[in-house]
Amino acid sequence: MRDRRMQMLVGKKEEPITPIINSIDLLFTEKGVSTIMVMGGSGEYFEVADTVIKMHEYLPACVTEEAKRIAEEFPSHRTREGEPKLGMFAPRVPLPSSFRKSFQGKEKLSVKHKQLLYFGTSELQLAGVEQIAEEDQSRCILQAIMFLRNYIDGNTDLLQLINMLDSEWDSQGLDIISDRKGGNFARPRKFELAMTINRISSLEIK
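If you're wondering where the values come from, they're calculated on a predicted model, not measured in any experiment. (Residues numbered from 1 in each chain as written. Predicted model: local features only at pLDDT ≥ 70, side-chain atom pairs only at ≥ 80, totals over all residues. Heavy atoms only, no water.)

K.L.:
When you look at the packing of aromatic side chains in this model, what are you seeing that I'm missing?
P.N.:
The description of an aromatic ring pair uses the distance of the two centres, along with the angle that the planes make with each other. Inspection of every chain in the model, using the stated rule, returns 1 aromatic pair. Sitting above the plane of the F89 ring, K31 keeps its charged end 4.7 Å from the centroid. (Phe/Tyr/Trp six-rings, centres within 6.5 Å; stacked < 30°, edge-to-face > 60°. Lys NZ or Arg CZ within 6 Å of the ring centre and 35° of its normal.)

K.L.:
Looking at this model, I keep getting lost on the packing of helix α6 (residues 158-172) against helix α7 (residues 190-197). Mind explaining?
P.N.:
To characterise two packed helices, one gives the angle between the axes of the helices and the distance between these axes. Two elements in contact, α6 and α7, have axes separated by 10 Å at closest approach and are oriented at 135°. By the angle between their axes, α6 is oblique relative to α7. Taken as a pair, α6 and α7 cross one another with a handedness that is right-handed. Two secondary-structure elements touch here, α6 through L158, I162, N163, L165 and D166 and α7 through K190, L193, A194 and I197. When grouped by side-chain class, the residues that make up the contact of α6 with α7 number 6 nonpolar, 1 polar and 2 charged. (Axes fitted to C-alpha atoms, helices over the stretch in contact; angles between N-to-C directions. Helix = DSSP H or I, 4+ residues; strand = E, 2+ residues; numbered from the N terminus. Parallel < 35°, antiparallel > 145°, perpendicular 65-115°, else oblique. Left-handed = near helix turned anticlockwise from the far one by under 90°. Contact = heavy atoms within 4.5 Å. Nonpolar A, V, L, I, M, F, W, Y, C, P; charged D, E, K, R; others polar.)

K.L.:
Whenever I open this one, the sheet that holds strand β4 (residues 116-119) confuses me. Can you help?
P.N.:
Where strands meet in a sheet, backbone hydrogen bonds hold them as pairs that are either parallel or antiparallel. Strand order in the open sheet formed by 3 strands is β3-β4-β5, and the pairing between neighbours is antiparallel. The sheet terminates laterally at β3 (109-113) and β5 (122-125), the two strands that pair on one side only. The sheet shows a mean angle of 15° between the axes of neighbouring strands, taken without regard to direction. Both β3 and β4 contribute to a ladder of 4 bridges, which runs antiparallel. Bridge assignment links H113 to a residue of β4, and that residue is L116. (Pairing = 2+ DSSP bridges.)

K.L.:
Please explain the packing of helix α5 (residues 135-148) against α6 as it appears in this structure.
P.N.:
Where α5 contacts α6, the axes come no closer than 11 Å and their chain directions differ by 115°. With respect to α6, the axis of α5 lies roughly perpendicular. Considering how the two elements wind past one another, α5 and α6 form a crossing that is right-handed. Residues C140, A144, F147 and L148 of α5 form the contact with α6, whose own contacting residues are L161, M164, L165 and W169. A per-class count over the contact of α5 with α6 returns 8 nonpolar, no polar and no charged.

K.L.:
Would you mind showing me how to read unusual backbone geometry here?
P.N.:
The general pattern is negative phi for most residues beyond glycine and trans for most peptide bonds. The phi dihedral of Y58 falls on the positive side, at around 70°, and the residue is not glycine. Looking at where Y58 falls in the secondary structure, it is placed in the loop between β1 (53-56) and β2 (59-62). Positive phi values are uncommon outside glycine, yet H77 reaches one of about 60°. A residue is classified by how much of its surface remains accessible, and H77, at 57% relative accessible area, is exposed. (Buried < 20%, exposed > 50% of the residue type's maximum accessible area, 1.4 Å probe, protein only.)

K.L.:
Explanation requested: the pairing of β1 in the structure shown.
P.N.:
The pairing of β1 with β2 spans 4 bridges and is classified as antiparallel. From the neighbouring strand, M55 faces β2, where its bridge partner is P60. Connecting the antiparallel pair β1 and β2 is a turn made up of 2 residues, with E57 showing a positive phi of about 55°.

Printed below as a string of structure tokens:
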């Protein structure tokens, strides 16, 4: 967080990083992405927040009106930084060679536990992917990546690939990704599938 004092000491030309507080409203208006901030050390976000929830003795309470009143009474005087628009995000287009490099003659898939997977030679650490609830989801993710290899052509971006698979799951079920019907798949969200793919060490993006 760059408060007014830090902005005065270190000018924007000396600081290449734009704090997220300057992009929160743009993320919602331009990309439809909501942001949830959990913090207790700064009130700088009162001015840009649509809803403020206060936890008291483990119980939540909406204090938006009080937060807005405090923001008016004690303005932060921050100078807005960054561009007025986010613009377009470059699509992530995986290259077919990415996945061939993960296998050196032998296609090895292994789930040690829900947060540790092996995709060929790539060790996939998923400790930061907290929404994976069970090993069956991790197993499904690994097999889904193997299935998606058949559709990676160097032109189709990752979002299109995952949306295609998600639609196939809606219409045909999870077993479409494997010839073996084991009953040991649990459906992951698209986000966890994407985060796992992005952890493959051999991944190359155009």
